[in-house]
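Chain and residue survey
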Amino acid sequence: VIPAITLNNGVEMPEIGLGTIGNRSDEKMLEIVRAAVDAGYRSFDTATRYDNERALGRAFDRCGIPRDELFVTTKVWNSDHGRTRTLRALDRSLQQLGLDYVDLYLIHFPAPKLGLFLETWLTLEDLYLSGRARAIGVASFGVSHLERILDGGSIVPAVNQIELHPRWQQKTLRAFNEQHGIQVESWSPLGMGGALYEPVLAAIATKHDATPAQVILRWHMQQGRIVIPRSTSPSRIRENVGAVTIDPLDDGDLSAIDALDTHGRIGPDPDEWSEDDFDMRPRVSEVYGR
Ligand SMILES: NC(=O)c1ccc[n+]([C@@H]2O[C@H](COP(=O)([O-])OP(=O)(O)OC[C@H]3O[C@@H](n4cnc5c(N)ncnc54)[C@H](OP(=O)(O)O)[C@@H]3O)[C@@H](O)[C@H]2O)c1
């Protein structure tokens, strides 16, 4: 069983969820959701932007898991910031997913140049109070964006989902979240697969009779973070959840991974970015040499 973390409003969220970006077809989604459910996953991370909420909802239907066992996260995209659009965006997401509520609704990016993230946050607060989201949070919010909603809002975000992997560890931002009771969730926890080939990880993995992916995921979890690794392969989906049962990493292992931090951001800078498509693949090779 995947352990859960209690968020600041008392809602329990599994420590490992399945990332779903890139999977659009009904058939592939069903295959990976079935594999994930069989392996014990109950938490699934999607977004309007991923264009797969409908496929995910259909897969839930066909797997027959009771709604109250599922933990579903989706996100409002930049082009839906602002009150009217955000309300409509969650309606649309729920309809696509075939659900009455989501477990976690996130602002996908702060998109500060649009100047609407506080208004969007206040709308999420209303959606939370209406029961259509059991918890609300943000993604890729930096300290200045968080300060703005902590000042202007009345609910502290339950989660900040941020880019976080061995070469981009965001220690200052993590500390700020912790200080305010905001749970950190790592997106691209494996550095989009690039981080798996770090030699240090191979050595730790051999020592613990584990795989590099399990070591990285365990490192995140032992430091208190939720992870949402993505895989299209049933066997790797199972492998990743095995991070829960490997031997605990010792202090030496944890600090060896901590030492990999090189400020290697793969994704876009949330302060600068709002609308354009952003190709992260070239950045994976710049950061990890893969
Ligand atoms: N909030 C945001 O803006 C944001 C941005 C990016 C991502 N996310 C979320 O975070 C999730 C995860 O991030 P991500 O998809 O970018 O990257 P990731 O989970 O760090 O890495 C995924 C890559 O690693 C490979 N992989 C997974 N498990 C493996 C294993 N055990 N052994 C070897 N290779 C393995 C996958 O390939 P295979 O499929 O071949 O296994 C895939 O290429 C996304 O799906 C999405 O839900 C959120």
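Residues numbered from 1 in each chain as written. Predicted model: local features only at pLDDT ≥ 70, side-chain atom pairs only at ≥ 80, totals over all residues. Heavy atoms only, no water.

1. Side note on the site of the ligand
Condition: Note on definitions. A residue lies near a molecule or strand when any single heavy atom of the residue is within 4 Å of it. Think of a polar contact as two N or O atoms within 3.5 Å of one another; within protein, one of them needs to be a possible hydrogen donor and the other a possible acceptor, and neighboring residues in sequence only count if both atoms come from side chains. Values of accessible area rely on a 1.4 Å probe in the Shrake-Rupley scheme; residue burial ignores everything except the protein chains shown. For helices the rule is a DSSP run of H or I covering at least 4 residues; for strands it is a run of E covering at least 2, with both sets numbered from the N terminus onward. Only Asp, Glu, Lys and Arg are considered charged in this grouping, and only Ala, Val, Leu, Ile, Met, Phe, Trp, Tyr, Cys and Pro are considered nonpolar; every other residue, Gly among them, is considered polar.
The ligand sits among 26 residues. The nearest are Asp45, Arg230, Ser231, Thr232 and Arg236. In the model, an oxygen atom of the ligand is placed 3.2 Å from a nitrogen or oxygen of the Thr20 main chain. A distance of 3.4 Å separates an oxygen atom of the ligand from a polar atom in the side chain of His108. Protein chains bury 88% of the 900 Å² of accessible surface belonging to the ligand in isolation. Sorting elements by how many residues they give to the shell around the ligand places helix α9 (residues 234–241) first, with three residues. In terms of residue class, the shell around the ligand is built from twelve nonpolar, ten polar and four charged.

2. A short note on the packing of aromatic side chains
Rule in force here: Think of it this way: a Phe, Tyr or Trp ring, Trp meaning its six-membered ring, pairs with another when their centres are within 6.5 Å, and the plane angle makes it stacked under 30 degrees, edge-to-face over 60, tilted otherwise. Each residue gets one of three labels from its accessible area relative to the maximum for its type: buried under 20%, exposed over 50%, partly exposed in between, using a 1.4 Å probe on protein chains only.
If you walk through the whole model with that rule in mind, you get three aromatic pairs. Their ring planes at 65° and their centres at 5.3 Å tell us that Phe44 and Phe60 sit as a pair that is edge-to-face. Of this pair, Phe44 sits in strand β4 (residues 43–45) while Phe60 is found in helix α2 (residues 53–63), placing the two residues 16 residues apart along the sequence. The exposure class of Phe60 is buried, given its relative accessible area of 5%. With centroids separated by 5.3 Å and ring planes inclined at 75°, the aromatic side chains of Phe117 and Phe141 adopt a geometry described as edge-to-face. Highlighted residues: Phe117 in helix α4 (residues 117–129) and Phe141 in the loop between β7 (136–139) and α5 (143–152), separated in sequence by 24 residues.

3. Focus on the nonpolar core
Basically, it comes down to this: By nonpolar core we mean a set of buried residues, namely Ala, Val, Leu, Ile, Met, Phe, Trp, Tyr and Cys, connected to one another through side-chain atoms within 4.5 Å. Pairs of residues are marked as contacts when any of their non-hydrogen atoms sit within 4.5 Å.
The biggest cluster of nonpolar side chains holds 70 residues, and the ones touching the most others in it are Val33, Tyr41, Phe44, Tyr105, Val215, Leu249 and Ile257. Setting aside chain neighbours within four positions, we find Ile257 in contact with Pro166, Gln169, Leu201, Ile204, Val215, Trp219 and Leu249. In terms of nonpolar packing, the next biggest core, distinct from the first, is built from twelve residues, Val11, Ala135, Ala158 and Val159 among them.

4. Quick notes on the packing of α5 against helix α6 (residues 171–179)
Rule in force here: In this analysis an axis means a line fitted to C-alpha atoms, helices contributing only their contacting stretch, and an angle means the value between N-to-C directions, from 0 to 180 degrees. An angle counts as roughly parallel when it lies under 35 degrees, as roughly antiparallel when it exceeds 145, as roughly perpendicular when it falls between 65 and 115, and as oblique in every other case. By convention the crossing between two helices is left-handed if the near helix lies anticlockwise of the far one by an angle smaller than a right angle, and right-handed if it lies clockwise.
It is at 10 Å that the axes of α5 and α6 come closest, and there the two elements cross at 20°. What the angle tells us is that α5 and α6 run roughly parallel. Pair α5 / α6 crosses with left-handed handedness. Across from Val143, Leu146, Glu147 and Leu150 in α5, the residues of α6 making contact are Leu173, Phe176 and Asn177. Among the residues forming the contact of α5 with α6, the class breakdown is five nonpolar, one polar and one charged.

5. Side note on the side chain of Gln214
For Gln214, the location among the structural elements is in helix α8 (residues 212–222). On the basis of relative accessible area, Gln214 is assigned to the buried category, the value being 10%. A polar contact is formed between the side chain of Gln214 and the backbone nitrogen of Thr211, at a distance of 3.0 Å. For Gln214, the residues in contact, after removing those within four places along its chain, are Glu239, Gly242, Ala243 and Ile246.

6. Looking at α6
Residues separated by three or four positions in an α-helix point in the same direction, a consequence of the helix having 3.6 residues per turn. Quick note on the threshold: In this context, the arc is that of the directions from the helix axis out to the C-beta atoms.
For α6, the complete set of buried residues consists of Leu173, Arg174, Phe176 and Asn177. Relative to the axis of α6, the buried residues are bounded by an arc of 160° and lie together on one face. Residues of α6 that are exposed and point more than 90 degrees away from the buried face comprise Thr172, Glu178 and Gln179. Buried residues along α6 sit in contact with α5, β8 (159–163) and β9 (183–187). Positive backbone phi, approximately 70°, marks Gly181, located one or two places after α6.

7. A few points about the sheet that holds β9
We count it as follows: Strands are treated as partners if at least two bridges between them are detected by DSSP.
Reading across from one edge, β3-β4-β5-β6-β7-β8-β9-β10 is the order of the eight strands in this open sheet, with parallel pairing throughout. In the strand order of this sheet, the two ends are held by β3 (18–19) and β10 (226–227), each with one partner.

8. Details of the pairing of strand β5 (residues 71–76)
What counts here: Handedness rule for crossovers: strands pointing away from the viewer, path from the first strand over the helix to the second running clockwise, crossover right-handed.
β5 sits mainly inside the fold: six of its six residues count as buried. In β5, alternate side chains face the same way, and those of Phe71, Thr73 and Lys75 on one face and Val72, Thr74 and Val76 on the other are all buried. In terms of strand pairing, β4 meets β5 through three bridges, oriented parallel. Bridge pairing in β5 links Ser43 to Phe71. Crossover handedness for the path β4 to α2 to β5: right-handed. In this sheet, strand β6 (residues 104–107) lies alongside β5 in parallel orientation, the contact comprising four bridges. In the strand pairing of β6, Val76 is matched with Ile107. Read as a crossover between parallel neighbours, the route from β5 over helix α3 (residues 83–97) to β6 is right-handed.

9. Considering α5
For α5, every residue scored as buried is listed here: His145, Leu146 and Ile149. Each buried residue of α5 sits inside an arc of 95° when the element is viewed along its axis, so together they form one side. Contacts made by the buried residues of α5 are with α4, β7, β8 and α6.

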